[in-house]
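Here's the letter readout for the chains.
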Amino acid sequence: MNRSPAQRLALTGVFVAAIVMVVVYVGRDDTTAQATAPGSTEPQPTGAEAPGSDANPTPTPGTAVAFVPPDLGPVPDIVDISGWLNTDGSSFAEVRGPVTIVQFWTFGCHNCRATLPHLQELYAARHDDGLEIIGIHAHEFDRERDPNNVAEAVVDLGVTWPVALDTNKTNFVAWQGSPRFWPRTYVIDGDGRIRFDHIGEGDYDELVATVDALLAEHDAAVTGPA
Amino acid sequence: MIAAFFEGVGAIAQPCTLPVLLSAAVFALAGGRNLGLAIVAHTVGLAFMAWARFGRTISVDLADGPAVIAGLIVAGAALVVAFAPAGGYRRLAVGGGALLGGAIAGAVWQPCAGTELAAIVNDAPANRLGALVPLSVYVAGTALVALAVAMLPTAAPAVQRVMSGRAVMTSGAVLGVALGAAMVVGVWGDVVNELLERSTA
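Cut-offs used in this document
Residues numbered from 1 in each chain as written. Chains lettered and ligands numbered in written order. Predicted model: local features only at pLDDT ≥ 70, side-chain atom pairs only at ≥ 80, totals over all residues. Heavy atoms only, no water. Helix = DSSP H or I, 4+ residues; strand = E, 2+ residues; numbered from the N terminus. Rg over C-alpha atoms; globule rule 2.2 N^0.38 Å. Patch = residues over 30% accessible without salt bridge, like charges linked within 9 Å, V, L, I, M, F, W, Y side chains within 5 Å. Areas by Shrake-Rupley, 256 points an atom, 1.4 Å probe, with all protein chains shown as cover. Salt bridge = Lys/Arg side-chain N within 4 Å of Asp/Glu carboxyl O. Core = buried A, V, L, I, M, F, W, Y, C linked by side-chain atoms within 4.5 Å. Buried < 20%, exposed > 50% of the residue type's maximum accessible area, 1.4 Å probe, protein only. Contact = heavy atoms within 4.5 Å. Pairing = 2+ DSSP bridges. Axes fitted to C-alpha atoms, helices over the stretch in contact; angles between N-to-C directions. Phe/Tyr/Trp six-rings, centres within 6.5 Å; stacked < 30°, edge-to-face > 60°. Parallel < 35°, antiparallel > 145°, perpendicular 65-115°, else oblique. Left-handed = near helix turned anticlockwise from the far one by under 90°. Expected span 1.5 Å × (residues − 1). Right-handed = clockwise from strand over helix to strand, strands pointing away.

**Q** Teacher, can you tell me more about the overall build of chain B here?
**A** Each helix and strand in chain B was counted, giving 12 helices and 0 strands. Along its sequence from the N terminus, chain B presents helices and strands in the succession α-α-α-α-α-α-α-α-α-α-α-α. Over its C-alpha atoms chain B spans a radius of gyration of 16 Å, differing by no more than 12% from the 17 Å that the globule rule assigns to 201 residues. The principal-axis extent of the C-alpha atoms belonging to chain B is close to 45 × 40 × 40 Å.

**Q** Quick question: what am I supposed to make of a nonpolar patch on the surface here?
**A** A cluster of nonpolar side chains, Val 68, Ile 69, Leu 72, Ile 73 and Leu 100 of chain B, forms an exposed patch at the surface whose accessible area comes to about 460 Å². Per-element accounting of the nonpolar patch gives the leading share, 4 residues, to helix α4 (residues 68-83) of chain B.

**Q** For this particular structure, what's the right way to read the nonpolar core?
**A** Membership of the largest hydrophobic core comes to 46 residues, with the highest contact counts inside it found for Ile 101, Val 102, Ile 134, Trp 175, Val 187, Leu 207 and Val 211 of chain A. Among residues more than four places away in sequence, those in contact with Leu 207 of chain A are Ile 101, Leu 119, Leu 122, Thr 185, Val 187 and Phe 196 of chain A. Membership of the second largest hydrophobic core comes to 27 residues, among which are Phe 27, Ala 78, Ala 82 and Ala 98 of chain B.

**Q** Whenever I open this one, the sheet that holds strand β6 (residues 194-199) of chain A confuses me. Can you help?
**A** The pairing of strands in a sheet comes from backbone hydrogen bonds and takes either a parallel or an antiparallel form. Residue and element names in this part refer to chain A. In space, the 6 strands of this open sheet follow the order β1-β4-β3-β2-β5-β6, with mixed pairing throughout. The open sheet has two free edges, formed respectively by β1 (84-85) and β6, since each of these has just one partner strand. When β1 meets strand β4 (residues 163-165), the two strands line up antiparallel, connected through 2 bridges. Bridged to Trp 84 within β4 is Ala 164. The strands touched by helix α6 (residues 204-223) within the sheet are β2 (99-105), β3 (131-137), β5 (184-188) and β6, with β6 carrying the most contacts at an inclination of about 170°.

**Q** Looking at this model, I keep getting lost on the packing of aromatic side chains. Mind explaining?
**A** A ring pair, where both rings are aromatic, is described by two values, the distance of the centres and the angle of the planes. Residues and elements named next belong to chain A. Tallied over the full model, the rule gives 12 aromatic pairs over all chains. Taking the centre distance of 6.1 Å and the plane angle of 80° together, the rings of Phe 104 and Tyr 186 count as edge-to-face. Within this pair, whereas Phe 104 is found in strand β2, its partner Tyr 186 is found in strand β5, the two being separated by 82 residues in sequence. Linked through ring pairs, Phe 92, Phe 104, Phe 172, Trp 175, Trp 182 and Tyr 186 together constitute an aromatic cluster.

**Q** Help me understand the packing of helix α2 (residues 18-31) of chain B against α4 of chain B, please; the structure alone is not making it clear to me.
**A** The angle between the axes and the distance between the axes are what describe a pair of packed helices. Residue and element names in this part refer to chain B. As a packed pair, α2 and α4 sit with axes 7 Å apart at the nearest point and diverge in direction by 25°. One finds that α2 runs roughly parallel with respect to α4. Considering only the axes of α2 and α4, their crossing is right-handed. Touching Val 26, Phe 27, Ala 30 and Gly 31 of α2 are Val 74, Ala 77, Ala 78, Val 81 and Ala 82, all from α4.

**Q** Just checking my understanding: could you explain helix α5 (residues 90-108) of chain B for this structure?
**A** Side chains of residues three or four places apart in an α-helix project in the same direction, reflecting 3.6 residues per turn. With 19 residues, α5 of chain B should reach 27 Å at 1.5 Å per residue; the first-to-last C-alpha distance of 27 Å fits that figure. Of all the 19 residues making up α5 of chain B, 14 are buried; the element is thus mostly covered by neighbouring parts of the structure.

**Q** What exactly am I supposed to notice about the pairing of β2 of chain A here?
**A** Note on strand geometry: in a regular strand, side chains alternate between the two faces of the sheet. Residues and elements named next belong to chain A. Where burial is concerned, most of β2 is hidden: 7 out of the 7 residues are buried. What you see with β2 is no split at all: Val 99, Ile 101, Gln 103 and Trp 105 on one side and Thr 100, Val 102 and Phe 104 on the other are buried throughout. Pairing geometry for β2 and β3, over 7 bridges, is parallel. Bridging across to β3, Thr 100 finds its partner in Glu 132. Crossover connection from β2 via helix α3 (residues 110-126) to parallel β3: handedness right-handed.

**Q** When you look at unusual backbone geometry in this model, what are you seeing that I'm missing?
**A** Among all residues except glycine, the phi angle is most often negative; among peptide bonds, the trans geometry is most common. All names here are of chain A. For the bond from Ser 178 to Pro 179, the omega torsion is -5°, close enough to zero to count as cis. Relative to the helices and strands, Pro 179 resides in the loop between α5 (170-176) and β5. In this structure, Pro 183 follows Trp 182 across a cis peptide bond, with omega equal to -20°. Residue placement: Pro 183 occurs in the loop between α5 and β5. The backbone of Lys 169 shows a phi angle near 55°, a positive value even though the residue is not glycine.

This is the structure we're talking about:
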């Protein structure tokens, strides 16, 4: 097919523009994601509704509705772990807390790393209140399978919570079934029920709200009725 | 929607997308002068398989372990795409083969989900139809560079002559058969690992 020089130039320009867009997008500074300040997004006592949840009824005007995270089923155990980092514990039961965030991640995953500032801030603010985080490291590529590489990455990335090495990806498969993603974040309550399940980045407001609601549930259960 | 597209574009640079890009490259090479058709068909196959999986319409995951049937399909599709005789049915063969290849790529894809893809896949099980368009837009973003490369033959006749050459199409077929064999034997992950190690060394 014969094309005029102008047409060829236009097509070449589109090609170059596409490459430039890729380079600009990939090279953008995306490390300035503002972590949600825990507590700043606490659900309001009046007219609150659980984001993405069907647990709360439509509030009647003038009544207060507390945010109740949905019950998504029992939590599987964490098994076949080849090692633990940042903890003396060696099982899920030993390491978990009254409220536990469990996140499947791998250090080579850019999107996983993007969630860490949010988790770090939440962990710093709520750990003393009973929040624990367990990072289940499930590799995608061989270099992420080496425990030494994982340990080095954990230090470099500032991960201070317990990390379970899911070298055989037993838990990665058992928890997620099909399809499977990185990262994937669950929140577990004190009764071993999954109360939050999110694929990928984002929804940090709902994560914080869920943790706060479950910590309040735990406190109420501990202190008993007034 | 625009954000989903550009997030798909950015996903090209992440290792998670390497298996998909590898499959696209195989069928692009095998497609020869029908390079653009092959890439578009591959993208469509990928998008629909991903949509079906993420929406929990079907349960298939070929990322781990041997995948005999999938490997045979990939190898066969690559051979069909590369060696379909010129004529009225070549475009059909290229489109159909690449579509199948894209669908298999969608079955092995384990994405790293950014904000936009996360919004799509979290909503997909409850809103399957609503997830189709944004997911397709995201997948189209991952194919942007490949589509841009596909335009090279029309911009430069010399490139078109090269792409139409038997050597290029045969190389695509060889890579496709190798890829299929790796899936059959269950070393597909090792192949991707090796490519990643070499590309980042």
